[in-house]
Amino acid sequence: AGTPVAGFFWKKRYIVLKNSQLLCWATQPQGPKKQAPSAILILSQLEEVAVEGKTLSLHMRNQKLALQARADTEELAKKWAAAVKSHAGRAISKSLPPGWDVEAMLSSGVGGSAAKLVNKELLPSTCNPVFQKLLDHCFVCKSTKDRRGNTVPLRLEIVDAVRVQNGAAWMEYSKARTRICEKVFENNEWLKQSLDSESCSSFTNSEGRPSRIDAASQGSDSASFQWDPFGMQTPVLTSTLDLKALQEILGKTDLSSNEQWLFHGTSREAVENISDREFRLDKAGSHRGTLYGKGIYFAECATKADEYCVEDADGYCWMLLCRVALGTVMVCKEKKPSPDVLEQCIAGKHDSLIGDRWTAVGTFREFILFDSDQVYPAFILRYKRWSEAAFCRCIRETAESEDTGMAAELYPHAAILAEEHPDSTVRYRLSLLMDAHSDSVVPVLCDALKDRRRRVRLNATKALMNMAGQTTSVEALPDGSRYRRHRDGVHVVISAVPALTSCLKDSDRFVRRAAARALERLGEHAGPAVPNLIMSLRDREEEVRAAVATALGQLGPAASEALPALLQASLDNEESVRVAALGALGFLGLSSSAVLEVLTDALHDLSSEVKSAAATALGMLSAGTAVDSLADCLSDGQSHVRAAAARALGQIGGKHTASAVPRLTQSLKDSDHVVRRSAAVSLGRIGPFAASAATNLADAMRDGNTQVREAAASSICRLGVSERIPHNVCIQSLVKRGLSDACPEVRQAAAESLLELARSDQLGSHKTTVREAMTVRLKDENAKVRGIASTCLSLIQEDAPKKKKHKAKKKGGDSGREHSPCADVETEDDLDPEGVLELEDIARLVLSLTRRVRNVRM
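For clarity, every value in this text was computed on a predicted model and none was experimentally measured. (Residues numbered from 1 in each chain as written. Predicted model: local features only at pLDDT ≥ 70, side-chain atom pairs only at ≥ 80, totals over all residues. Heavy atoms only, no water.)

Engineer: Could you clarify how one ought to interpret the sheet that holds strand β1 (residues 14–18) in this entry?
Structural biologist: Strands pair in a sheet through their backbones, by hydrogen bonds, and they do so in one of two ways: parallel or antiparallel. One open sheet holds the three strands; their spatial order is β1-β2-β3, and the pairing between them is antiparallel. Edge positions in the open sheet fall to β1 and β3 (39–42), since each of these has one partner strand only. Each neighbouring strand pair of the sheet contributes to a mean axis angle of 20°, computed without reference to strand direction. The sheet contact formed by strand β2 (residues 21–25) and β3 spans four bridges and is antiparallel. Bridge pairing in β3 places L22 opposite L41. (Pairing = 2+ DSSP bridges. Helix = DSSP H or I, 4+ residues; strand = E, 2+ residues; numbered from the N terminus. Axes fitted to C-alpha atoms, helices over the stretch in contact; angles between N-to-C directions.)

Laid out in structure tokens, this is it:
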């Protein structure tokens, strides 16, 4: 026995295995009092047992020499090796997690690794779905410069998982973890005293030994006990997946050392080297950059770790899932961290550093260690990246094959991508794809609403909300302010109403708000949810109450029972809730005295948003009793309130608003162009009762804003002006200013107004002027203007023969009359229609008429 060189000089020795020790004597021990052994080997230090023929080699940890023994036969050598492994396994297993195959670890080359005291166990395929849920849970679709321009995959598909059983690395890791734990309790003496009780003995950690932190987390007052001595601020993403099957595979974490599960992406060769041996700080930065200094980098998001992975020849990628004892952390939220940030972390007696790039630039958090003993590579994950084409193809195939298992995994993930993917085009395509297969997608998403993970519930609710939006069409109101939805047909998403209704009681406020918005988009189809929506008007979160109030306004007659609750909500302390409630009152269309009183009182609210919502609702209800109050709002200090009041007056219209015409006329000169446009539109909607504003609308054709000019041009034809001069002014403004405007929309509006006047035979003596102007517009660059001009010319030409025939009859009837002394005076029809527009022409005409009258008298 001895070194390999001593093999040439074999000497007979007597070896006994006893109490996890290997005892060696030079001669055979005899008698009850045996002599002391000449050598003792501690089997817990053994790291490899090798058999080659008749030779048995025992390699000890941290020793270059090996003990060799030769048996008489090969079978006897194997028997010795098995006995040594059995005794060593019992000794070594006390320092290792339960379930590790120590005998395989002691056999070099067994389990896919040639390293000493290392075994790699390929987990059964039944574990793949569990790891797939972990990858999907930690999949955040973002990208950084470390991806080097490569496309972000839409999914990471697990191929297989390998459990790494590295005895030496685990023992060093356990020591580092214990060291961190002791330091934490030294710095928190009060915590140590509170945990030094008998209750701690009933709780064990992943190795079966008592864990103080387990007692703290499971104590009677754990709900009120906020234990965060590590400064984490935000939980690690991997720790938020509450999956029993995953916990059974991974094992418990030691919270007293702030142990977390984190990902580390690299090449296949590096994965093998790290799992066989350990992480090496001297290799830091050899694969990618080191923003926070030379350290070992980890990620809580699988997509971040994937940025560092390299595909092999078969298209597979490799990633490590590691146990990491973070200990006390230092969080860096700076966009450009200082070069010595890692040194600052060490000087501050922190055990690790968190580079919070999520807060700094909206990407990922990175976890950096400067001690390789604080990490243990526990699992090797082999996976494939899914491109957008592969992902979409899988969705179609799953829908066609009706594979419920795959659908339960794929559709919630697709819902997350449809909301979070950085490319809007990808989000749109995924939304359309899910809507195309809604028959199979909707039931799965309804089940996802019961998921424990908040992110899954939220995005499933949003996906249903977007699908509900596909069942509606949007129509703009004439003033462009609000819209109403027309719902046609019955969509499969309507079957999700009960599930969405239950989400109104979800623990997360964002889920409750998204559920209310989804019900809003379903409109009257969500009528069964009205009682629950009424209850949700008392939600503790203002944004939820506002969303619920808005939803009730879109549910049609079914929401009429919510009227008392909405009236109460209109008095809410929060502005957003009052605004939503007032808007809902307008959409419900119930113009009772109580509703009108509440809306009118809201016009005097301190909030401009509330006043604007109240004015809009009064306009939707055509509240003629509120005309004076709305007219007073035209002088409000906020432009959007004035605009809402102007629009409301136009929606009410009719004789009731005649008293508000002077105020609307003044609003045509408002400093805000939106108010001027709203006033112009409303004057047109009031119609003949606003005829006195004709010349003001004609002046508005000079406005510097194209939308105001367009609105004025559209409204002029609706006034029904009968007085000669205002009538001539309006037509000339449409011809000279409207049809020659540089904006095609204004020219189109002016042409439409003139066409409407031609149809109603209101052009009078201006047909020639209009005909000439429309002839020019036949060559307009805008096709719509050319079409309107052609139609208008055809109408004018049809009226021309009728007019000539009428004049001939008139001339024949007047032939017997005597010549009047005033016969040479121009009549109204003989006047140049273009002369009445300019002041100089009007003065010249008056002077000419005066001279002729004098000549007649003379």
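The structure having been displayed, the exposition proceeds.
Engineer: Just to check I follow, could you spell out empty space enclosed by the protein for this structure?
Structural biologist: If you roll a probe as big as a water molecule over the atoms, it shows you where there is empty space left. Counted under the stated rule, the structure contains four cavities of 30 Å³ or more. Empty space within the largest cavity amounts to approximately 70 Å³. Lining the largest cavity are I716, C717, L719, G720, V721, H727, C730, I731, L757 and Q762. Among the elements that make up the lining of the largest cavity, the one with the highest residue count is helix α31 (residues 724–738) (three residues). Grouping the constituent residues of the lining of the largest cavity by class yields seven nonpolar, three polar and no charged. Each pocket or cavity is described by its volume, and for the second largest cavity that value is around 50 Å³. (1 Å grid on protein atoms, 1.4 Å probe; cavity = no way out; pocket = protein on both sides within 12 Å on 5 of 7 lines; lining within 4 Å. Points joined across faces, edges and corners; volume = space filled by probe spheres on them. Nonpolar A, V, L, I, M, F, W, Y, C, P; charged D, E, K, R; others polar.)

Engineer: How do you make sense of the environment of E561 when you look at a structure like this?
Structural biologist: Its location among the elements puts E561 in the loop between α20 (542–553) and α21 (563–569). Here E561 is in contact with V530 and I534, once residues within four sequence places are set aside. (Contact = heavy atoms within 4.5 Å.)

Engineer: I tried to follow the sheet that holds strand β6 (residues 66–70) on my own but got confused; where do I start?
Structural biologist: A sheet is described by the order of its strands in space; here three strands give the open sequence β4-β5-β6, paired in antiparallel fashion. A strand with exactly one partner marks an edge of an open sheet, and here the two such strands are β4 (46–52) and β6. This sheet shows a mean twist of 15° between the axes of neighbouring strands, independent of strand direction. One ladder, built from five bridges, connects strand β5 (residues 55–60) with β6; its direction is antiparallel. Opposite H59, over in β6, you have A66 as the bridge partner. Lying over the sheet, helix α1 (residues 74–92) contacts β4, β5 and β6, oriented at roughly 170° with respect to β4.

Engineer: Is there a simple way to explain the pattern of salt bridges in this structure?
Structural biologist: Any two side chains of opposite charge can pair, on the condition that their charged atoms come close. The full count for this structure, using the stated rule, is 40 salt bridges. For the salt bridge of D761 with K767, the shortest nitrogen-to-oxygen distance reads 3.5 Å. What makes D761 exposed here is its relative accessible area of 52%. Overall, the relative accessible area of 16% leaves K767 in the buried class. In the salt-bridge network here, residues are joined through shared partners; they are D146, R147, K304, D306, E307, E311, E366 and R385. (Salt bridge = Lys/Arg side-chain N within 4 Å of Asp/Glu carboxyl O. Buried < 20%, exposed > 50% of the residue type's maximum accessible area, 1.4 Å probe, protein only.)

Engineer: Is there a simple way to explain the pairing of strand β11 (residues 317–325) in this structure?
Structural biologist: A regular strand carries its side chains on alternate faces of the sheet. Of all nine residues in β11, nine are buried; the element is thus mostly enclosed. Neither face of β11 is left uncovered, since the one carrying C317, M319, L321, R323 and A325 and the one carrying W318, L320, C322 and V324 both have all their residues buried. Pairing of strand β9 (residues 259–266) with β11 involves eight bridges; the strand directions are antiparallel. When the bridges of β11 are listed, F263 appears paired with L321. Both β11 and strand β15 (residues 375–386) contribute to a ladder of eight bridges, which runs antiparallel. Directly across from C322, in β15, lies its bridge partner P377.

Engineer: Sorry, what's going on with the pairing of strand β14 (residues 365–369) here?
Structural biologist: A large share of β14 lies buried, amounting to five of its five residues. Across the two faces of β14 the burial is the same, with R365, F367 and L369 and E366 and I368 all buried. In this structure, strand β10 (residues 296–299) lies alongside β14, joined through four bridges in antiparallel fashion. Across the sheet, A299 pairs through a bridge with E366, a residue of β14. When strand β13 (residues 352–356) meets β14, the two strands line up antiparallel, connected through four bridges. When the sheet's bridge partners are listed, L353 is paired in β14 with I368.

Engineer: I'm lost on the nonpolar core in this one. Help?
Structural biologist: Considering soluble globular proteins, one finds that nonpolar side chains tend to be buried as a cluster. Formed by 226 residues in total, the largest nonpolar core has its most connected members in F131, F263, F298, F379 and L754. Of all hydrophobic cores here, the second largest spans nine residues; its members include Y292, V341, L353 and I368. (Core = buried A, V, L, I, M, F, W, Y, C linked by side-chain atoms within 4.5 Å.)

Engineer: Got a minute to help me understand the environment of R724 in this structure?
Structural biologist: Take R724: it is sitting in helix α31. Residue class for R724 comes out partly exposed when judged on its relative accessible area of 38%. For the pair formed by R724 and G764, sequence separation is 40 residues and the distance between their alpha carbons is 9.6 Å.

Engineer: Before we go on, may I ask you to explain the side chain of H137 in this structure?
Structural biologist: Residue position: H137 is located in helix α3 (residues 128–137). A polar side-chain atom of H137 sits 2.8 Å from a polar atom in the side chain of T240. Setting aside residues no more than four positions away along its own chain, H137 makes contact with L237, T240, L241, R453 and R455. (Polar contact = N/O pair within 3.5 Å; in protein donor to acceptor, adjacent residues only side chain to side chain.)

Engineer: I would appreciate a short explanation of the packing of helix α30 (residues 706–716) against helix α32 (residues 744–759) in the present structure.
Structural biologist: To describe two helices that pack against each other, one gives the angle between their axes and the distance between the axes. Where α30 contacts α32, the two axes come as close as 8 Å, and the packing angle between them is 5°. Considering the angle they form, α30 stands roughly parallel to α32. Mapping the contact onto sequence places T706, R709, E710, A713 and S714 in α30 and E745, V746, A749, A750 and S753 in α32. Looking at the contact of α30 with α32, its residues break down into four nonpolar, three polar and three charged. (Parallel < 35°, antiparallel > 145°, perpendicular 65-115°, else oblique.)

Engineer: Sorry if this is basic, but what is going on with the packing of aromatic side chains here?
Structural biologist: Going through the model one piece at a time under the given rule, you end up with nine aromatic pairs. These aromatic residues form a ring-pair network of at least three members: W100, W170, Y173 and Y376. Over the ring of W386 we find R155; its NZ or CZ atom is 5.2 Å from the centre of that ring. Lying over the aromatic face of Y316, R382 brings its terminal NZ or CZ to 4.4 Å of the ring centre. (Phe/Tyr/Trp six-rings, centres within 6.5 Å; stacked < 30°, edge-to-face > 60°. Lys NZ or Arg CZ within 6 Å of the ring centre and 35° of its normal.)

Engineer: What should I look at first to understand the packing of helix α26 (residues 639–652) against helix α28 (residues 673–686) in this one?
Structural biologist: Two elements in contact, α26 and α28, have axes whose closest approach is 8 Å; the angle formed by their N-to-C orientations is 10°. Between α26 and α28, the interaxial angle falls into the category roughly parallel. Here α26 contributes S639, R642, A643, A646, R647, L649, G650 and Q651 to the contact with α28, which in turn contributes V674, V675, S678, A679, S682, R685 and I686. Tallied by class, the residues present in the contact of α26 with α28 amount to seven nonpolar, five polar and three charged.

Engineer: Please clarify how α28 should be interpreted in this entry.
Structural biologist: Residues separated by three or four positions in an α-helix point in the same direction, a consequence of the helix having 3.6 residues per turn. Under the 1.5 Å per step criterion, the end-to-end length of α28 is 20 Å for 14 residues, consistent within 8% with the ideal 20 Å. With respect to burial, α28 is a largely interior element, 10 of its 14 residues being buried. Listed as buried for α28 are V675, R676, S678, A679, A680, V681, S682, L683, G684 and I686. Tucked into the core, α28 has its buried residues touching α26, α27 (661–667), α29 (694–700) and α30. Where α28 starts, the residue carrying a side-chain oxygen 2.9 Å from the main-chain nitrogen of V674 turns out to be D672. Looking one or two residues past α28, G687 carries a phi angle of roughly 80°, positive in sign. (Expected span 1.5 Å × (residues − 1).)

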